[in-house]
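Remarks on the overall topology
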Amino acid sequence: MHIQMLAVGNKMPTWVSSGFEEYQKRFPRDMSLDLVEITPQKRGKKAELGKIKSQEGEALLAAVPKGHRIVTLEVHGRPWTTPQLAQQMAGWQMDGRNVSLLIGGPEGLSDACLAAAEQRWSLSPLTLPHPIVRVIVAESLYRAWSLNNNHPYHRE
C-alpha cells in the first residue's frame, strides 16, 4: 500500500523535512509514505481567504491519484488512538487501495476536500502548526505500522 501525504505549504524548516524523512525511510517497500507539497496561494492584506482556501483545495484534489481513499486531517475529524490507527491502516490495506491524506493550509481544508473525504482524522482538538503535523502523522503512521507488524518500535 502507498500512503501519500498531500500538504499545503512548502519551504519548511530543516527540522520538519528531517523529521518527516526519518519516519518515511523506516517504512518497508510494501508500505511506502510520500509527501507532496502543494504551493500555497499568496496571502496579502486584502486576500480573499475563502477563495484561497478553495483554490488550495482544488490543487490538493487534483494531486490525488484516481482511486485513492481520501482521508482529511482536521480538528473536527475522529480522534484515533494508536491501536485504532493501526486498525484503520489494516483496513486500508485490506481495501486494496492507496491512501491520500490531505492537510490544508492556514485556513484549513475546502468544502470540496471535506466532501471528497471517506474519513476525517483529528490529531487533536488543538489547532496544530501545519509543519509539525507532517512529522506527527509520519511518526503515528509508522508506530501504527509497527504495532500491526509486531515490530518493537511500539511499546505499550
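On a predicted model such as this, the values are computed, not experimentally measured, just so you know.

**Points about the UniProt feature "binding site: S-adenosyl-L-methionine" (unreviewed entry) in the chain**
When the UniProt feature table is mapped onto this chain numbering, "binding site: S-adenosyl-L-methionine" (unreviewed entry) sits at Leu73, Gly104, Leu123, Ser124, Pro125, Leu126, Thr127 and Leu128. With respect to the helices and strands, the residue serine 124 is situated in the loop between strand E5 (119-122) and helix H5 (130-148). For serine 124, a relative accessible area of 17% corresponds to the buried category. Within the secondary structure, leucine 128 sits in the loop between E5 and H5.

**Re the side chain of glutamate 74**
Among the secondary structure elements, glutamate 74 is positioned in strand E3 (residues 69-79). Only 3.4 Å separates the side chain of glutamate 74 from the side chain of arginine 120, close enough to count as a polar contact. Sequence-distant contacts of glutamate 74, defined by excluding residues within four places in its chain, comprise Leu114, Arg120, Trp121 and Ser122.

**Here we look at a nonpolar patch on the surface**
Together, Trp15, Ile132 and Ile136 line one region of the surface with nonpolar side chains, adding up to about 270 Å² of accessible area. With respect to the element layout, isoleucine 136 can be found in helix H5. Look at isoleucine 136 and you get partly exposed, because its relative accessible area is 32%.

**Points about the sheet that holds strand E2 (residues 32-38)**
Backbone hydrogen bonds are what pair the strands of a sheet, in a parallel or an antiparallel way. One open sheet holds the five strands; their spatial order is E2-E1-E4-E3-E5, and the pairing between them is parallel. Strands with a single pairing partner mark the edges of an open sheet, and in this sheet they are E2 and E5. Shown here is a sheet whose adjacent strand axes are inclined to one another by a mean of 30°, direction ignored. By the bridge criterion, five bridges tie E3 to E5 in an arrangement that is parallel. Considered in E5, the bridge of valine 71 is made with glutamine 119. Contacting strand E1 (2-8) and E2, helix H1 (residues 14-24) runs over the sheet at an angle of about 155° to E2. Running over the sheet, helix H3 (residues 82-95) touches E1, E3, strand E4 (99-103) and E5 and is turned about 160° from E3.

**Comments concerning the pairing of E4**
Among the five residues that make up E4, five are buried, leaving the element largely enclosed by the rest of the structure. Here E4 shows two buried faces, one formed by Val99, Leu101 and Ile103 and the other by Ser100 and Leu102. As judged from the five bridges shared by E1 and E4, these two strands associate in the parallel manner. Its bridge partner lying in E4, glutamine 4 is registered against serine 100. As defined by bridge partners, E3 adjoins E4 across four bridges and the pair is classed as parallel.

Rules used in this analysis
Residues numbered from 1 in each chain as written. Predicted model: local features only at pLDDT ≥ 70, side-chain atom pairs only at ≥ 80, totals over all residues. Heavy atoms only, no water. UniProt positions renumbered as here; feature names shortened; annotations may be inferred. Helix = DSSP H or I, 4+ residues; strand = E, 2+ residues; numbered from the N terminus. Buried < 20%, exposed > 50% of the residue type's maximum accessible area, 1.4 Å probe, protein only. Polar contact = N/O pair within 3.5 Å; in protein donor to acceptor, adjacent residues only side chain to side chain. Contact = heavy atoms within 4.5 Å. Patch = residues over 30% accessible without salt bridge, like charges linked within 9 Å, V, L, I, M, F, W, Y side chains within 5 Å. Areas by Shrake-Rupley, 256 points an atom, 1.4 Å probe, with all protein chains shown as cover. Salt bridge = Lys/Arg side-chain N within 4 Å of Asp/Glu carboxyl O. Pairing = 2+ DSSP bridges. Axes fitted to C-alpha atoms, helices over the stretch in contact; angles between N-to-C directions.

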